[in-house]
Amino acid sequence: MTPECAASQGDITAEIAAIAAQYRGPEAQPRLDYPPYRGTALRHPTRAPVPVDPEEVERWAPCFGHRDVDPLEADLTAGHPGQPLGERIIVAGRVLDGSGKPVAGQLLEVWQANAGGRYRHERDQHPAPLDPNFTGAGRCLTGPDGSYRFVTIKPGPYAWRNHHNAWRPAHIHFSVFGTALPQRLVTQMYFPGDPLFDLDPIFQSVLDPAARRRLIARYDHDLTEPEYATGYRWDIVLAGARKTLIEDDDG
């Protein structure tokens, strides 16, 4: 690393830390308006919520999928002519309520970038290769014990234009549905030891260090399958003191 690069990295880290210090408080949830994450200035709500009829929302809500959930949809490496490129991984865990009890029958959806750090989406023009054998999306239902399991490829980091030389840590997006569409929760799962954590304002917008750590999966050697895939375990807690941080909570 050149002295110029080191100075740039230090400036970005210092800027994020300085602004974050102004927002510290007892709440663990990320702020909707968080200056280091510049997109929040355009996207965060500025007016009071508008009451709506839940039944009316349900009638106009989108439908996810045109059939029942197939167990094969939890394997993001399957269903293509060949094998996707990258490190094959298994991600498993449980969905739990605030008292630690399993939450069964919940629809989990995941989406992610490929091993090169690119999403299969028309708006992603990052000059990394698309993988014809990887679409980056899957879903499953939690079991009676609240468990889930996905087979996928470890996503790569990718560039974004939030600030100079900005890169997002590797992550997988998770969506959890309750019994109705308005109960949808969305969050991100990260991987241990990522060097980009301190430079990422989205990760740093969770101001409580303990809460940030709950967004990081842990390597699980028992989940790892010999000569096939490494394993990561990550539980999702819906409420209580150990709650998993979500993207649309107002803190």
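Residues numbered from 1 in each chain as written. Predicted model: local features only at pLDDT ≥ 70, side-chain atom pairs only at ≥ 80, totals over all residues. Heavy atoms only, no water.

- Within an unreviewed UniProt entry, the label attached to the protein reads Protocatechuate 3,4-dioxygenase, beta subunit, and the organism entered is Mycobacterium europaeum.
- UniProt, in its Sequence similarities (unreviewed entry) section for the protein, records the words "Belongs to the intradiol ring-cleavage dioxygenase family." (UniProt positions renumbered as here; feature names shortened; annotations may be inferred.)

## Things to note about the overall build of the protein
- Secondary structure assignment for the protein yields five helices and eleven strands.
- Considering only contacts within the protein whose residues lie at least 6 apart along the sequence, 68% involve residues at least 24 apart.
- For the protein, the accessible area works out to roughly 14300 Å², and carbon and sulfur atoms hold 56% of it. (Helix = DSSP H or I, 4+ residues; strand = E, 2+ residues; numbered from the N terminus. Contact = heavy atoms within 4.5 Å. Areas by Shrake-Rupley, 256 points an atom, 1.4 Å probe, with all protein chains shown as cover.)

## Quick notes on the sheet that holds strand S7 (residues 171-177)
- Strand order across the open sheet formed by four strands is S3-S2-S7-S8, with antiparallel pairing between neighbours. Taken across any chain shown, the strands that pair with only one partner, and hence form the sheet edges, are strand S3 (137-141) and strand S8 (185-190). Each strand of the sheet is rotated relative to its neighbour by a mean of 25 degrees, with strand direction disregarded.
- Of the strand pairs in this sheet, strand S2 (residues 107-111) and S3 are connected by five bridges, and their pairing is antiparallel. (Pairing = 2+ DSSP bridges. Axes fitted to C-alpha atoms, helices over the stretch in contact; angles between N-to-C directions.)

## Describing the environment of Lys154
- Secondary-structure assignment places Lys154 in the loop between strand S4 (147-153) and strand S5 (158-160).
- Relative accessible area serves as the criterion here: at 25%, Lys154 is assigned to the partly exposed category.
- Taking the C-alpha atoms as reference points, Lys154 and Gln112, 42 residues apart in sequence, are found 8.9 Å from one another.
- Residue contacts for Lys154: discarding those within four places in its chain leaves Glu87, Ile89, Gln112, Ala115, Phe191 and Tyr232. (Buried < 20%, exposed > 50% of the residue type's maximum accessible area, 1.4 Å probe, protein only.)

## Digging into the nonpolar core
- Ranked by size, the top nonpolar core spans 36 residues in total, and within it Leu108, Tyr148, Phe150, Phe174, Met189 and Trp234 carry the most contacts.
- Only strand S1 (88-96), S2, S4, S7, S8 and helix H4 (201-204) provide two or more residues apiece to this core. (Core = buried A, V, L, I, M, F, W, Y, C linked by side-chain atoms within 4.5 Å.)

## Examining the pairing of S4
- When you tally the buried positions in S4, you get five out of seven residues, the bulk of the element.
- Note: S1 against S4, seven bridges, orientation antiparallel. Of the residues in S4, the one forming a bridge with Arg94 is Ser147.

## So, unusual backbone geometry
- One non-glycine residue, Asn165, lies in positive phi territory at about 55 degrees.
- Along the polypeptide, Asn165 turns up in the loop between S5 and strand S6 (166-168).
- By relative accessible area, Asn165 is classed as exposed at 54%.
- A positive phi angle, close to 60 degrees, is found at Glu227, a residue other than glycine.

## Quick notes on the pattern of salt bridges
- With the rule as written, the count across this model stands at six salt bridges.
- In this structure, Glu73 and Arg139 form a salt bridge, with 2.7 Å as the shortest nitrogen-oxygen distance. On the criterion of sequence distance, the pair formed by Glu73 in the loop between helix H3 (54-60) and S1 and Arg139 in strand S3 is long-range, its members being 66 residues apart.
- Residue Glu73 is classed as buried on the basis of its relative accessible area of 18%. (Salt bridge = Lys/Arg side-chain N within 4 Å of Asp/Glu carboxyl O.)

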